[in-house]
Amino acid sequence: MTGIGGLFFRAHDPDALGRWYLQHLGIALTPTSNDAPVWQQEAGPTVFSPFPEKSGYFGDPHKVWMVNFRVHNLDKMIAQLRAAGIEVKLDPQTYPNGRFAHLHDPEGNPIELWQPA
C-alpha cells in the first residue's frame, strides 16, 4: 500500500458541497476528463484511526467519519475561514504533534485542521 487514493462520501448536495471544499479549502473536485488535474497532496504524515462508536470527538453522534487536513499555517487558515463566515474552534492547547482546529462543512460533517509540529 502506498497511501490513500481518495475519500468518498455521500452528500445531500454533492455539487454544492464540492464547490464549498474547493472555495474554502482549495481541494480540487473530481476531474471530469482523464487529462484534467486532480488535487495533489504534499507528502506527510497520515493518521488512520478507528474511534470508539460512542466517541464524542466528531461532535454529532450521527456522523461516522471526520477528515483531517494538514495545513502549513493554522492561524492563517482559521482567519481565512472566519472571514468567509465559517465558525472555527481553535484548540488552545499545543500538543507534541502540533496544533488543531475544528469546523464543519455545510452538511455538518466534521473537519479537523492540523498544523504538524
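Refer to the structure above for everything that follows.
Residues numbered from 1 in each chain as written. Predicted model: local features only at pLDDT ≥ 70, side-chain atom pairs only at ≥ 80, totals over all residues. Heavy atoms only, no water.

Residues Y21, L25, F69, L81, L103, I111 and L113 are the most contacted members of the largest nonpolar core, which totals 18 residues. Broken down by secondary-structure element, the contributors of at least two residues to this core are helix 1 (14–25), strand 1 (67–70), helix 2 (74–83), strand 3 (98–104) and strand 4 (110–116). Not counting residues within four places of it along the chain, the set of residues in contact with Y21 comprises F9, G26, I27, W65, F69, D105 and I111. (Core = buried A, V, L, I, M, F, W, Y, C linked by side-chain atoms within 4.5 Å. Buried < 20%, exposed > 50% of the residue type's maximum accessible area, 1.4 Å probe, protein only. Helix = DSSP H or I, 4+ residues; strand = E, 2+ residues; numbered from the N terminus. Contact = heavy atoms within 4.5 Å.)

Now for the pairing of strand 3. In terms of residue burial, strand 3 counts as a mostly covered element, since five of its seven residues are buried. In the sheet, strand 2 (residues 89–90) pairs with strand 3 via two bridges, with the strands oriented antiparallel. Pairing of L90 across the sheet is with A101, part of strand 3. In this structure, strand 3 lies alongside strand 4, joined through seven bridges in antiparallel fashion. Looking at strand 4, one finds that L103 is bridged to I111. Turn length for the strand 3-strand 4 hairpin, with the two strands adjacent in sequence and antiparallel, is five residues, and the turn residue G108 shows positive phi of about 85°. (Pairing = 2+ DSSP bridges.)

Listed in full, the buried residues belonging to helix 2 are L74, M77, I78 and L81. Seen along its axis, helix 2 keeps its buried residues to an arc of 100°; they face one direction. Opposite the buried face of helix 2, by more than 90 degrees, sit the exposed residues K76 and A83. The secondary structure elements touched by the buried residues of helix 2 are helix 1, strand 2, strand 3 and strand 4. (Arc of directions from axis to C-beta.)

Moving on, we get to the packing of aromatic side chains. The tally for this structure, following the rule as stated, stands at eight aromatic pairs. Judged by centre distance (6.1 Å) and plane angle (10°), the ring pair of F100 and W114 falls under stacked. Taken together, the positions of F100 in strand 3 and W114 in strand 4 put the pair 14 residues apart, joining distant regions of the chain. The pair F100 / W114 is uniform in exposure class, with both members buried. Three or more aromatic residues joined by ring pairs form one cluster here, namely F9, W20, Y21 and W65. (Phe/Tyr/Trp six-rings, centres within 6.5 Å; stacked < 30°, edge-to-face > 60°.)

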